Amino acid sequence: MSDLKEFSVGDIGSRSSECEPALKTEKMALNVGPSHPTTHGVLRLMMQLDGDLITECEPVLGYLHRGDEKIAENMTYNQFVPYTDRLDYLAPLANNVAYALAVEKLAKLEVPERCQAIRVICCELARISSHFLGVGVYGMDAGSWTVFMYTFTEREKLYTLFEELTGARFTTSYTRIGGVARDIPDGWLGRVNSFCKGVIPVLDQVDRMLTRNRIFMDRTVGIGSISKEKAISYGITGPNLRACGIDLDLRKDKPYLGYEKYDFEVPIGVNGDCYDRYLMRAEEIKQSVSIIRQVIGNFPEGLYYAEEAKKIFAPPKAKILTSMEELIQNFMLVTEGPQMPKGEVYFEAENPKGALGFYIVSKGGGVPYRLKIRGPSFCNLSILSELLPGHHLTDTTVILGSLDFVMGECDR
Amino acid sequence: MSEKDTNQLIGRFKYLSERDSVDHYAVNCPSDHLIDFCQILRDEYLFDMLVDVTAIDWDVASPRFTGIYHFYSTSKQLYLRVASDCKDNIKPSLPSLVRLYSAADWHERETYDLMGIHFDGHPNLKRILMWDDYPYHPLRKDFPLAGIETPLPAADVAEQTKVKVAAAPMMGGPFVSSGDGKMSQTEPTAKDESWNESKAKGS
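Basis of the calculations
- Residues numbered from 1 in each chain as written.
- Chains lettered and ligands numbered in written order.
- Predicted model: local features only at pLDDT ≥ 70, side-chain atom pairs only at ≥ 80, totals over all residues.
- Heavy atoms only, no water.
- Helix = DSSP H or I, 4+ residues; strand = E, 2+ residues; numbered from the N terminus.
- Buried < 20%, exposed > 50% of the residue type's maximum accessible area, 1.4 Å probe, protein only.
- Contact = heavy atoms within 4.5 Å.
- Domains from an automatic or database assignment.
- Buried area = accessible area lost by both parts, 1.4 Å probe.
- Salt bridge = Lys/Arg side-chain N within 4 Å of Asp/Glu carboxyl O.
- Polar contact = N/O pair within 3.5 Å; in protein donor to acceptor, adjacent residues only side chain to side chain.
- Phe/Tyr/Trp six-rings, centres within 6.5 Å; stacked < 30°, edge-to-face > 60°.
- Lys NZ or Arg CZ within 6 Å of the ring centre and 35° of its normal.
- Disulfide = S-S within 2.5 Å.
- Pairing = 2+ DSSP bridges.
- Axes fitted to C-alpha atoms, helices over the stretch in contact; angles between N-to-C directions.

Caption draft 1: The environment of Asp-395 of chain A, seen in detail. Residues and elements named next belong to chain A. Along the chain, the position of Asp-395 falls in helix α17 (residues 393-403). Judged by relative accessible area, which is 10%, Asp-395 ranks as buried. Sequence spacing of Asp-395 and Leu-384 is 11 residues, and the spatial spacing of their C-alpha atoms is 12 Å.

Caption draft 2: Representation of the environment of Ser-102 of chain B within the structure. Tracing the backbone through its elements, the reader meets Ser-102 of chain B in the loop between β6 (93-95) and α3 (104-115). A C-alpha to C-alpha distance of 8.6 Å links Ser-102 of chain B and Leu-50 of chain B, two positions 52 residues apart in sequence. Sequence-distant contacts of Ser-102 of chain B, that is, excluding residues within four places in its chain, are made with Ser-233 and Tyr-234 of chain A.

Caption draft 3: Quick look at the domain arrangement of chain A. All names here are of chain A. Under the domain assignment, chain A is made up of domain 1 (9-56) and domain 2 (67-403). Computed from C-alpha coordinates alone, the two centres of domain 1 and domain 2 are separated by 35 Å. Contacts between domain 1 and domain 2 engage 15 residues on the former and 14 residues on the latter. Its largest share of buried area at the contact with domain 2, domain 1 owes to Thr-38, His-40 and Ile-54, together 43% of the area lost on that side.

Caption draft 4: Structural view of the interface of chain B and chain A. Contacts between chain B and chain A engage 54 residues on the former and 50 residues on the latter. For the chain B and chain A pair, buried surface summed over both sides reaches about 4500 Å², with 58% attributable to carbon and sulfur atoms. Taken together, the links from chain B to chain A amount to eight salt bridges. Counting the contacts that link chain B with chain A gives 22 residue pairs in polar contact (both at pLDDT 80 or more). When residues of the side of chain B that touches chain A are traced back to their parent elements, those giving at least two are β3 (49-57), β4 (65-73), β5 (78-85) and α3 of chain B. Among the elements that make up the side of chain B that touches chain A, the one with the highest residue count is β3 of chain B (nine residues).

Caption draft 5: Expanded view of the packing of aromatic side chains. Summed over the entire model, instances satisfying the criterion amount to 26 aromatic pairs over all chains. Centre to centre, the rings of Tyr-159 of chain A and Phe-162 of chain A are 5.8 Å apart; their planes meet at 80 degrees, and the pair counts as edge-to-face. One end of the pair, Tyr-159 of chain A, and the other, Phe-162 of chain A, are both in helix α6 (residues 145-166), three residues apart, so they sit about a helical turn from each other. On the basis of relative accessible area, Tyr-159 of chain A is assigned to the buried category, the value being 5%. Phe-162 of chain A gets classed as buried once you look at its relative accessible area, which sits at 4%. Measuring from ring centre to ring centre gives 5.8 Å for Phe-13 of chain B and Tyr-15 of chain B, while their planes differ by 45 degrees; the resulting arrangement is tilted. The structure contains a cluster of three or more aromatic residues connected by ring pairs, namely Tyr-256, Tyr-259, Tyr-262, Phe-264 and Phe-347 of chain A. Across from the ring centre of Tyr-369 of chain A, 3.9 Å away, lies the NZ or CZ of Lys-141 of chain B, which sits over that ring.

Caption draft 6: Broad picture of the state of the cysteines. Going through the model one piece at a time under the given rule, you end up with zero disulfides over all chains. Considering cysteine sulfurs only, Cys-122 of chain A is the nearest to Cys-115 of chain A, which forms no disulfide, with 9.0 Å between them. Residue classification places Cys-115 of chain A among the buried residues on the basis of a relative accessible area of 0%. Of all cysteine sulfurs, the one in Cys-38 of chain B lies closest to Cys-29 of chain B, which takes part in no disulfide; the gap is 6.6 Å.

Caption draft 7: Seen up close, the sheet that holds β5 of chain B. Residue and element names in this part refer to chain B. Pairing in this open sheet of five strands is mixed, and the strands run β1-β2-β5-β4-β3 from one edge to the other. The sheet is open, and its two borders are formed by β1 (17-18) and β3, each paired with just one other strand. Where helix α2 (residues 34-43) meets the sheet, it contacts β2 (25-28), β4 and β5, and its direction lies at approximately 175 degrees from that of β5. Against the sheet, α3 makes contact with β3 and β4, and its axis sits at roughly 10 degrees relative to β3, the strand it touches most.

Listed below in structure tokens is the structure:
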């Protein structure tokens, strides 16, 4: 009896290597994706398997590369706003805001309080929408279909709100440089408020379905752990970084849009594993709801675009056809673009997936000389070739789901 | 980084020079000293996160390529931009920071892929966004927005179908004008003149 070894069920890799050394095994190459349900887009993983243990993993990107940076160099600052929708296409409102803030930083432009408040609501609604998808499909990846149904119902309500605000459900293009496209519709804040009321019970339901769910925990606790040092070295940001126990939230550390005025907490994880990454997202939704309530509770009056941004922001539409000056100005804006000062700026915003950065080099004029987009998913995925080896093939699904990436901003 | 720290940085490292910047503190660092400087940045000045690596193509100017690094300090909440010119305009290269920051791996591969800058000492410098055999570096200023006709990445498919990766048709393209100068002087026009308003499209 003493020479009997114990193995956990499913630990095929170790069984084949230790218990049956005579068994002739050979490594197997497995190709996952680019079109595969677990890759949530067009990520391709080339893996080497020993039994069902992953020994090597090489991610292959670029299947969604559209050359956004090249396109940006060939159009005016205003024209690029719709392209930012297609970066993290699960949170287009937040991308619009991040891009506008980067250009405004270059132009040294301050937007009025009301505009900031609208943008904060946009960003947080986008965060809720993105995290609901993240948690929902993550549950689905781990074998819990129901969560997905609940969170998608809530996302549908969000899309109705987005549609009312921007006119589009997915590709919103709502912010303009120096403001937002239009003021909030009548009664919209009330509807956002009632949405917020409805979110908390749904979150509780999700919590009851996942947080202490034995199957979910078995599949996620201790799986895909990332150490603090590794996370920082790989430049991981967002909930994935905070799950490792690092307190980095640009809304707190480098406040923009007046985030310092709002009282919210940044959830921090302990183990940096798949389970912690789920907890981060669930808690961040609650914090976002709290921020939105604070904004609505003290919603400022005033303009929804910066007065001094008229050179950049299109003049009021009603005046374009009645006033000579505005007509000329509009013509100049359309043909030459907003005239920007020379300089270099880098701005990062805390987006749902992590820090979305824009680096703009301007030589003056209406077109950026160089625009680099730092997609958080790109950095978050770079750890895969180190994270996946040592895990079982079945863990791939859970690890990919927990990283909550989106290929739109990874490949750009 | 406070004023005091920044002055100290330039004072301490004679090879640095201050770089114009609208926002964060920025320095120019010669590529020979880049690794040493970044090592000290990481270990002594606690810039522990490399958030972004990219490059700028200055087109006709020399040095033509500048590598841009953005660092963030998670303990001091500070950004720092480090720029480093590539000495050679024809075969630009920079030292690789992969040994210091794991994040540099993919960022440098991307910069190599799109800008054609070679990172010396990178363990796996190959294309990341474009396919492996792609012959050009698309973010260079001399690369046209519409792209250049290239062979299909899959040779067997290309042999059967005789299809190539075609350049985008530019008819009515809204954004063909160059980034330099006023747009009114570089009126957006169609590059492809094979058919237009006065000439019918061939079959």
